[in-house]
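# Fold and geometry: a report
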Amino acid sequence: MDFSITDSQRAVQERAREFAQKRVAPLAREMDERGAMPLELVREMGARGLLGGPLPRAYGGEEWDAVALALCYEELGCVDSSVRGFMTVHTSLVSQCILKWGTDAQREKYLPRLARGEWIGCYCLTEPNAGSDAASMESVARADGDAFVLNGEKIWITNGGIADVGIVFASVDRALKHKGICAFLVDLKAPGIRREKMPGKELGHRASDHARIFFENCRVPQTALLGERGQGFRVAMSALDHGRLGVAAGALGVAQACLDASVAFARTRRQFGQRIGDFEMIQSALANMAADVDAARLLVYHAAWLHARGERVTRATSVAKLFATEAAVRAASEAVLLHGGRGYSNEYPVERYYRDIKGLQIYEGASHIQRIVIARELLGKDDAS
Ligand code: CAA
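Residues numbered from 1 in each chain as written. Predicted model: local features only at pLDDT ≥ 70, side-chain atom pairs only at ≥ 80, totals over all residues. Heavy atoms only, no water.

## Notes on the overall build of the chain
When helices and strands are counted, the chain shows ten helices and ten strands. Rg of the C-alpha trace for the chain: 21 Å, near the compact-globule value of 21 Å for 385 residues, within the 12% margin. A principal-axis box enclosing the C-alpha atoms of the chain has dimensions of 80 × 55 × 45 Å. Taken over 385 residues, the chain has a buried fraction of 55%. When contacts within the chain are restricted to residue pairs at least 6 apart in sequence, those whose partners lie at least 24 apart make up 73%. (Helix = DSSP H or I, 4+ residues; strand = E, 2+ residues; numbered from the N terminus. Rg over C-alpha atoms; globule rule 2.2 N^0.38 Å. Buried < 20%, exposed > 50% of the residue type's maximum accessible area, 1.4 Å probe, protein only. Contact = heavy atoms within 4.5 Å.)

## Thoughts on the side chain of Asp 164
Along the chain, Asp 164 falls in the loop between strand E3 (147-158) and strand E4 (165-171). Classification of Asp 164 by relative accessible area gives buried; the value is 15%. If we ignore the near neighbours within four places in the chain, the residues touching Asp 164 are Glu 118, Trp 119, Ile 120, Val 186, Asp 187, Leu 188 and Lys 189.

## A word on the nonpolar core
Residues Met 87, Leu 150, Phe 184, Val 186, Phe 215 and Val 300 are the most contacted members of the largest nonpolar core, which totals 85 residues. Not counting the four nearest positions on each side in its chain, Val 186 is found in contact with Leu 150, Asp 164, Val 165, Gly 166, Val 168, Ile 193, Phe 215, Cys 218 and Val 220. Formed by 29 residues, the second largest nonpolar core is a distinct cluster that contains Ile 181, Ala 183, Leu 185 and Val 235. (Core = buried A, V, L, I, M, F, W, Y, C linked by side-chain atoms within 4.5 Å.)

## Let's talk about the packing of aromatic side chains
Under the criterion given, the structure shown has five aromatic pairs. Centroid distance Phe 265 to Tyr 348: 6.0 Å. Interplanar angle 85°. Geometry classified as edge-to-face. Highlighted residues: Phe 265 in helix H6 (residues 232-268) and Tyr 348 in the loop between helix H8 (314-339) and helix H9 (350-362), separated in sequence by 83 residues. Look at Phe 265 and you get buried, because its relative accessible area is 8%. Note on Phe 272 and Phe 279: the rings are 6.0 Å apart at their centroids and 80° apart in plane angle, and the pair reads as edge-to-face. Its relative accessible area of 78% is what places Phe 272 among the exposed residues. Against the face of Trp 119 rests Arg 113, its NZ or CZ located 4.6 Å from the ring centre. Taking the ring centre of Phe 214 as reference, the NZ or CZ of Arg 194 above it sits at 4.2 Å. (Phe/Tyr/Trp six-rings, centres within 6.5 Å; stacked < 30°, edge-to-face > 60°. Lys NZ or Arg CZ within 6 Å of the ring centre and 35° of its normal.)

## Points about a nonpolar patch on the surface
Residues Met 1, Phe 3 and Leu 298 make up a contiguous nonpolar surface patch of roughly 450 Å² in combined accessible area. The residue Met 1 is located in the segment before helix H1 (7-34) in this model. (Patch = residues over 30% accessible without salt bridge, like charges linked within 9 Å, V, L, I, M, F, W, Y side chains within 5 Å. Areas by Shrake-Rupley, 256 points an atom, 1.4 Å probe, with all protein chains shown as cover. Salt bridge = Lys/Arg side-chain N within 4 Å of Asp/Glu carboxyl O.)

## Quick look at the environment of Ser 385
Mapped onto the fold, Ser 385 is located in the segment after helix H10 (367-379). When the C-alpha positions of Ser 385 and Gln 13 are compared, they lie 48 Å apart, and in sequence the two are 372 residues distant.

## Observations regarding the packing of H8 against H9
One can describe the packing of H8 onto H9 by two numbers: an axis separation of 9 Å at closest approach and a directional angle of 155°. With respect to H9, the element H8 is oriented roughly antiparallel. Crossing of H8 over H9 shows left-handed handedness. Where H8 approaches H9, its residues Lys 321, Thr 325, Glu 326, Ala 328, Val 329, Ala 332, Ser 333, Ala 335, Val 336 and His 339 are matched on the opposing element by Val 350, Glu 351, Tyr 353, Tyr 354, Ile 357, Leu 360 and Gln 361. For the contact of H8 with H9, the residue count by class is ten nonpolar, four polar and three charged. (Axes fitted to C-alpha atoms, helices over the stretch in contact; angles between N-to-C directions. Parallel < 35°, antiparallel > 145°, perpendicular 65-115°, else oblique. Left-handed = near helix turned anticlockwise from the far one by under 90°. Nonpolar A, V, L, I, M, F, W, Y, C, P; charged D, E, K, R; others polar.)

## Observations concerning the site of the ligand
Around the ligand sit 26 residues, and of these Ser 132, His 178, Arg 244, Gly 365 and Arg 376 come closest. Between an oxygen atom of the ligand and a side-chain N or O atom of His 178, the distance comes to 2.5 Å. Within the complex, 74% of the 1100 Å² of free accessible area of the ligand lies under protein. Residue assignment for the shell around the ligand shows that the elements contributing at least two residues are E3, H6 and H10. The element that contributes the greatest number of residues to the shell around the ligand is H6, accounting for seven residues. (Near = heavy atom within 4 Å. Polar contact = N/O pair within 3.5 Å; in protein donor to acceptor, adjacent residues only side chain to side chain.)

## Observations concerning H8
The terminal C-alpha atoms of H8 lie 37 Å apart, and with 26 residues this matches the ideal 38 Å at 1.5 Å per residue to within 8%. Gly 340, located one to two residues past H8, shows a positive phi value of around 60°. (Expected span 1.5 Å × (residues − 1).)

## Side note on the layout of surface pockets
Approximately 420 Å³ is the volume found for the second largest pocket. Along its surface, the second largest pocket is lined by 14 residues, and Asp 2, Phe 3, Tyr 301, His 302 and Trp 305 are the ones closest to its centre. The element contributing the most residues to the lining of the second largest pocket is helix H7 (residues 280-308), with five residues. Residue classes in the lining of the second largest pocket are distributed as eight nonpolar, four polar and two charged. (1 Å grid on protein atoms, 1.4 Å probe; cavity = no way out; pocket = protein on both sides within 12 Å on 5 of 7 lines; lining within 4 Å. Points joined across faces, edges and corners; volume = space filled by probe spheres on them.)

Set out below in structure tokens:
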């Protein structure tokens, strides 16, 4: 078994780390307070080759394998989940999905622009009455001559307010359940589309753009269909196989950042005449956190390695997302506690990690859904039903 990473994977890791530490980290607190990330960061990620990394060179990418991509998400996750979340949606849910399911014309039209960060992508699956039960979506697509007419409402769409293109899921026949669902590549500036910011203030990911998108008799050409008619649910699920790996790697980054911050604090903060790290209770918390980080890293890299080998990844990806996000929830909670009063204010980043990590445990399939996916793979189909 070889646990080392290759020179090219390390080069991606170093490039992502430099961008994360030098460009994102200094802005993270301000972005969180302001509730937005500057669009220059998106263009810069494009110019540095991060957004198109896993795409073929013909479409402006660098052909990174899934391990390199996971390393990039981990580095971004260490400093800011909003920026990492932007990229996971844009690159993994959108670009990689177009690469897998798109026609040559669709790939040529969208991928180079998405790779450069000239266009921003979003993934429009969730609806008010269809969150975890994605197949029960109520958005519809009616065939009309050489077009489809979309009607419906999507919510919690990351990048939704700033995106140029969305992968939009809607049903051509709701009686067919998931077999009626289609995926469409939609120009979000087209007539019949209304976008609003999600109501309320989010717990975390405050620099992310979360939108509510209404489709009101929005006409899209037949050529907007991504994948075959009725294949949309498979398109959605296969995109989530990529996206969930990105979330798992981002969560690993959050857990690592919590551990690093806690170790640094335990070394310098003195109480009762000694470093707090010299107390056994603090050592126990740090040791548990370190074991969680090591285990999460092995699961995330293993899932990425399976992706890179082109093997079945659904179960391994769900295991990685489930474990890494829950490990990071534990790490963030301990990190805030260990920092005491300082951890309770945004003077230290652990406060933001604690708020952000709850999102990773929920989006792209909450922990309950990852458990369902894993259990179904264990049990298989009931032959008697
Ligand atoms: N790849 C390809 N196909 C897949 C698949 C995968 N990973 N998983 C399932 N499918 C296929 C199945 O093979 C099946 O196909 P057939 O009918 O041909 O046999 C079909 O999809 C239906 O599968 P299920 O019977 O398992 O479907 P289900 O309705 O029971 O749902 C579920 C399964 C796993 C619960 C799914 O609904 C799910 O993942 N729910 C969570 C939704 C989710 O993650 N939402 C996140 C929103 S996106 C987001 O958060 C992004 C953002 O902007 C932040």
